[in-house]
Amino acid sequence: MSEVLGSVKEAPLSEATRARFAREVAKYPAEQRQSAVMACLSIVQQERGWVSPESERQVADYLGMPPMAVHEVTSFYNMYNQQPVGRFKLNVCTNAPCMFAGGPQALEHLCHRLGVEPYGTTADGVFTVQPSECLGACGDSPVMLVNDRHMCSFMSDDKLDQLVDGLRNAED
């Protein structure tokens, strides 16, 4: 699959994207421009919805670093989508504190409700459900993150259903 994705030719970085990259690179000494890799990957994801192997190569070329070094960052952090995801990405923490407080059950409930397996996307492209490592809100477990930005705490089955309904209504 990655060979197929890796062969897809994407549009080159736009001038607007390059300008955003330049603002991030300017925050570091010239010899440390690679330090902007995470910010550049975030920009690509905001603009394209995910970070493809071609996008990784474009970031690597811009920053003057090996493509594998960029891929190591992309694949280490689950905030970077390495494949297209739904309009709403739901990351459910399944790490130890959330595991003991119902994280795996919350993940299972969401998957069952939406008719997907973990890492799956609904047929309509609206939701992607993923397990996640620690989200740093252990006292509020089980927790989840919507689109890498909105933290949801104490996620019972009822709260999960309300969240799904609310997001689906927002989509309509």
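Remember, it's a predicted structure, so these values are computed and weren't measured experimentally. (Residues numbered from 1 in each chain as written. Predicted model: local features only at pLDDT ≥ 70, side-chain atom pairs only at ≥ 80, totals over all residues. Heavy atoms only, no water.)

Undergrad: Got a minute to help me understand the overall build of the protein chain in this structure?
TA: The helix and strand inventory of the protein chain stands at 8 helices and 4 strands. Each helix (α) and strand (β) of the protein chain, taken in turn from the N terminus, gives the series α-α-α-α-α-β-α-α-β-β-β-α. With respect to the principal axes defined by its C-alpha atoms, the protein chain has extents near 50 × 35 × 30 Å. Of all intrachain contacts in the protein chain linking residues separated by at least 6 positions in sequence, the fraction that spans at least 24 positions is 59%. Taking the average location of the 14 positive side-chain charges in the protein chain and that of its 22 negative ones, the two points are 8 Å from each other. (Helix = DSSP H or I, 4+ residues; strand = E, 2+ residues; numbered from the N terminus. Contact = heavy atoms within 4.5 Å. Lys, Arg positive; Asp, Glu negative; His and termini not counted. Charge placed at Lys NZ, Arg CZ, Asp CG, Glu CD.)

Undergrad: Hey, could you run me through the nonpolar core in this one?
TA: Note on soluble globular proteins: their nonpolar side chains tend to be buried together. Membership of the largest hydrophobic core comes to 20 residues, with the highest contact counts inside it found for Leu90, Leu110, Leu114, Phe127, Val129, Met144 and Val146. Elements that contribute at least two residues to this core include exactly β1 (88-93), α7 (103-114), β2 (127-132), β3 (144-146) and α8 (157-171). Among the elements that line this core, the one with the most residues is α7, at 5 residues. Among all residues touching leucine 114, those that are not within four sequence positions of it are Leu90, Thr122, Phe127, Val129, Val164 and Arg168. Counting residues in each nonpolar core, the second largest holds 18 residues, with Ala36, Ile43, Val44 and Ala60 among its members. (Core = buried A, V, L, I, M, F, W, Y, C linked by side-chain atoms within 4.5 Å. Buried < 20%, exposed > 50% of the residue type's maximum accessible area, 1.4 Å probe, protein only.)

Undergrad: I tried to follow the layout of surface pockets on my own but got confused; where do I start?
TA: The gaps left among the atoms become clear once a water-sized probe is rolled over them. Counted as a void, the largest pocket has a volume near 430 Å³. Looking at the largest pocket, it is lined by 23 residues, and the ones nearest its centre are Gln45, Met79, Lys89, Asn147 and Asp148. Only α3 (37-48) and β1 provide two or more residues apiece to the lining of the largest pocket. For the lining of the largest pocket, the element with the most residues is α3, which contributes 3 residues. Residue composition of the lining of the largest pocket, grouped by class: 8 nonpolar, 10 polar and 5 charged. (1 Å grid on protein atoms, 1.4 Å probe; cavity = no way out; pocket = protein on both sides within 12 Å on 5 of 7 lines; lining within 4 Å. Points joined across faces, edges and corners; volume = space filled by probe spheres on them. Nonpolar A, V, L, I, M, F, W, Y, C, P; charged D, E, K, R; others polar.)

Undergrad: I keep staring at the side chain of threonine 128 and nothing clicks. Help me out?
TA: Within the secondary structure, threonine 128 sits in strand β2. The class for threonine 128 is buried, based on a relative accessible area of 1%. Contact partners of threonine 128, with chain neighbours within four places excluded, come to Val85, Gly86, Phe88, Lys89, Leu90, Tyr119, Gly120 and Thr121.

Undergrad: Where do I start with the environment of alanine 30 in this structure?
TA: Residue placement: alanine 30 occurs in the loop between α2 (15-25) and α3. Placed 49 residues apart in sequence, alanine 30 and methionine 79 show a C-alpha to C-alpha distance of 27 Å.

Undergrad: Help me understand the packing of aromatic side chains in this model?
TA: Centre distance and the angle of the planes are the two values used to describe a pair of aromatic rings. Applying the stated criterion to the full structure yields 4 aromatic pairs. Ring centres 5.1 Å apart and planes at 70 degrees place the aromatic pair phenylalanine 21 and tyrosine 62 in the edge-to-face group. On the criterion of sequence distance, the pair formed by phenylalanine 21 in helix α2 and tyrosine 62 in helix α4 (residues 53-63) is long-range, its members being 41 residues apart. Neither residue differs from the other here; phenylalanine 21 and tyrosine 62 are each classed as buried. Note on phenylalanine 76 and tyrosine 77: the rings are 4.8 Å apart at their centroids and 85 degrees apart in plane angle, and the pair reads as edge-to-face. Since its relative accessible area comes to 34%, tyrosine 77 is described here as partly exposed. Members of the aromatic cluster, connected to one another through ring pairs, are Phe76, Tyr77 and Tyr80. (Phe/Tyr/Trp six-rings, centres within 6.5 Å; stacked < 30°, edge-to-face > 60°.)

Such coordinate-based values are descriptive only and should not be taken to indicate function.
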